[in-house]
Amino acid sequence: MSTKRTLILNKEQIQQKSRRIAYQILEDNFEETHIVLVGIADRGYVFAKRLQGILREIAKDKEIELIKVSIQKGKRSLEAATDTPIEIAKNKAVIVVDDVLNSGRTLAYALGTFLDVPLKKMRTAVLVDRSHHLFPIFSDFYGVKLSTILKEHVEVHLEELDTEEDAAWLY
């Protein structure tokens with residue numbers, strides 16, 4: 001990994017992108033009374049929690065629920081656990097949230113968790129989309145889309161998890 005890092009998004013830009021994504025989610029789900037955000041542990045969950053706060057502020061007439069999904073990313077088969085029964089998503093709009101979309105594997109596994117649950121619709125939201133998809137997974141809502149080389153990495157820092165202030169870096 002390169003020692004040189006380039007700032008992609010600063011704290012203010014992350015806040016702006018988060019708010020814009022929340023409005024896009026609201027617009028896409030205007031007629032829904034319930035929206036379920038599924039945050040992928042750890043950073044995706046923190047990002048989903050932030051989106052939940054913004055959505056509750058701008059859409060007071062909607063129930064915004066949050067599920068945390070933990071995925072065994074190193075496995076070749078789906079192994080996931082949720083902090084809440086996934087049945088709460090039944091017949092509702094679901095948005096799977098992560099910090100970075102790279103190959104699509106993590107989002108595909110998270111989507112797979114809900115295969116046996118009838119949903120109204122399912123969307124994805126990410127802060128950074130790297131466009132290196134190995135799986136047929138694409139971001140419906142994103143903060144920034146980057147064209148990077150495979151050797152480069154994107155790292156998102158969120159104050160709730162890291163000792164640094166919010167930022168997205170390209171290494």
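Every value quoted in this text rests on a predicted model; they were computed, and no experiment measured them.

### Quick look at the pattern of salt bridges
Note on pairing: side chains with opposite charge can pair once their charged atoms come close. Taken as a whole and judged by the stated rule, the model has eleven salt bridges. Among the salt bridges present, the one from arginine 5 reaches glutamate 164, with a minimum N-O distance of 4.0 Å. Taken together, the positions of arginine 5 in the segment before strand S1 (6-9) and glutamate 164 in the loop between strand S8 (154-157) and strand S9 (167-170) put the pair 159 residues apart, joining distant regions of the chain. Of the charged contacts in the structure, one is a salt bridge between lysine 145 and aspartate 129, with a shortest N-O distance of 3.7 Å. Taken together, the residues lysine 145 in strand S7 (residues 141-145) and aspartate 129 in strand S6 (residues 121-129) connect sequence positions 16 residues apart. Since its relative accessible area comes to 0%, aspartate 129 is described here as buried. Each of the salt bridges in this network shares a partner with another, and the network as a whole consists of Asp28, Lys121 and Arg123.

### Brief notes about unusual backbone geometry
Across the junction of alanine 41 and aspartate 42, the peptide omega takes the value 0 degrees, indicating a cis bond. Structurally, the position occupied by aspartate 42 is in the loop between strand S2 (34-40) and helix H2 (43-58).

Criteria and cut-off values
- Residues numbered from 1 in each chain as written.
- Predicted model: local features only at pLDDT ≥ 70, side-chain atom pairs only at ≥ 80, totals over all residues.
- Heavy atoms only, no water.
- Salt bridge = Lys/Arg side-chain N within 4 Å of Asp/Glu carboxyl O.
- Helix = DSSP H or I, 4+ residues; strand = E, 2+ residues; numbered from the N terminus.
- Buried < 20%, exposed > 50% of the residue type's maximum accessible area, 1.4 Å probe, protein only.

Worth remembering: the numbers are spatial, not functional.
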